[in-house]
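Fold and contact review
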Amino acid sequence: VVGNAVWHVFTDEEMIELNKLIVQTYKNKSFVATFHHATNLFSAGFNLEAFTLICFCCEGMMYHWFGELAKISGIENDYIKYRKSKESKCDTCKYFDSSSGNKPYDGMVPSMFSNIKFLCSKKCISCNEMKTIQKLFSKVSNDNLRNKIAHGEENKISHDIVQKSLDSLMELQSFLVNIVD
């Protein structure tokens, strides 16, 4: 990374205090470490890698704040149970409702969008808040770009796309913090 700005070298005491604040706020250093790694990669020009890590840390951050929302709404145990459940299209398929056959697909844990809808259905967030969270999450992952990268369909992305994703991540974090507070 180039530039002529003076670097701040953290003292051991400052690093201890910063880590305490991170753990106190997030209870999970991995989201913050992933975020810092993403921003370091981004500043070095590794756009694809930075974008991928921004998406990862976004989901970790959302799970953290969703857990906080569930806790203050009194549904923490229900939310934990929901997060561990598996959803399958076979659960609502008429064929498997009427037959005694085994389902060919056992399902997956609920998607991020399903988690958002769950919190709305339990009145932890309003319908408008749900729509805003969904919109910001889509902006962070740039709609389907995240999936295209994960499946190898895309291997280059622009600096602007990563910057917009990063800006949306920060906006989403602020939005979630405001809801919880």
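Refer to the preceding data block for the structure.
So, here is what we can say about the structure in this document.

The rules behind the values
- Residues numbered from 1 in each chain as written.
- Predicted model: local features only at pLDDT ≥ 70, side-chain atom pairs only at ≥ 80, totals over all residues.
- Heavy atoms only, no water.
- Salt bridge = Lys/Arg side-chain N within 4 Å of Asp/Glu carboxyl O.
- Helix = DSSP H or I, 4+ residues; strand = E, 2+ residues; numbered from the N terminus.
- Buried < 20%, exposed > 50% of the residue type's maximum accessible area, 1.4 Å probe, protein only.
- Expected span 1.5 Å × (residues − 1).
- Arc of directions from axis to C-beta.
- Contact = heavy atoms within 4.5 Å.

The subject of this paragraph is the pattern of salt bridges. Applying the stated rule across the entire model yields 2 salt bridges. Arg 146 is the partner of Glu 59 in a salt bridge, and the nearest nitrogen-oxygen pair spans 3.4 Å. Residue Glu 59 is found in helix H3 (residues 47-72), and its partner Arg 146 is found in helix H8 (residues 145-150); the two are separated by 87 residues along the sequence. The class of Arg 146 is partly exposed, set by a relative accessible area of 29%.

Our next topic: helix H9 (residues 159-180). The end-to-end C-alpha separation of H9 is 32 Å, in line with the 32 Å expected for 22 residues at 1.5 Å each. The complete set of buried residues in H9 reads Val 162, Ser 165, Leu 166, Ser 168, Leu 169, Leu 172, Gln 173, Leu 176, Ile 179 and Val 180. Down the axis, H9 shows its buried residues gathered within 165° of arc, on one side only. Of the residues in H9, the exposed ones pointing more than 90 degrees away from the buried face are Asp 160, Lys 164 and Asn 178.

Right, let's get into the environment of Phe 51. Within the secondary structure, Phe 51 sits in helix H3. Relative accessible area serves as the criterion here: at 1%, Phe 51 is assigned to the buried category. Between the C-alpha atom of Phe 51 and that of Ile 149, which follows or precedes it by 98 residues, the distance is 9.4 Å. The residues contacting Phe 51, other than those within four sequence positions of it, are Val 140, Ser 141, Asn 142, Leu 145, Arg 146, Ile 149, Ile 157, Ile 161, Val 162 and Ser 165.

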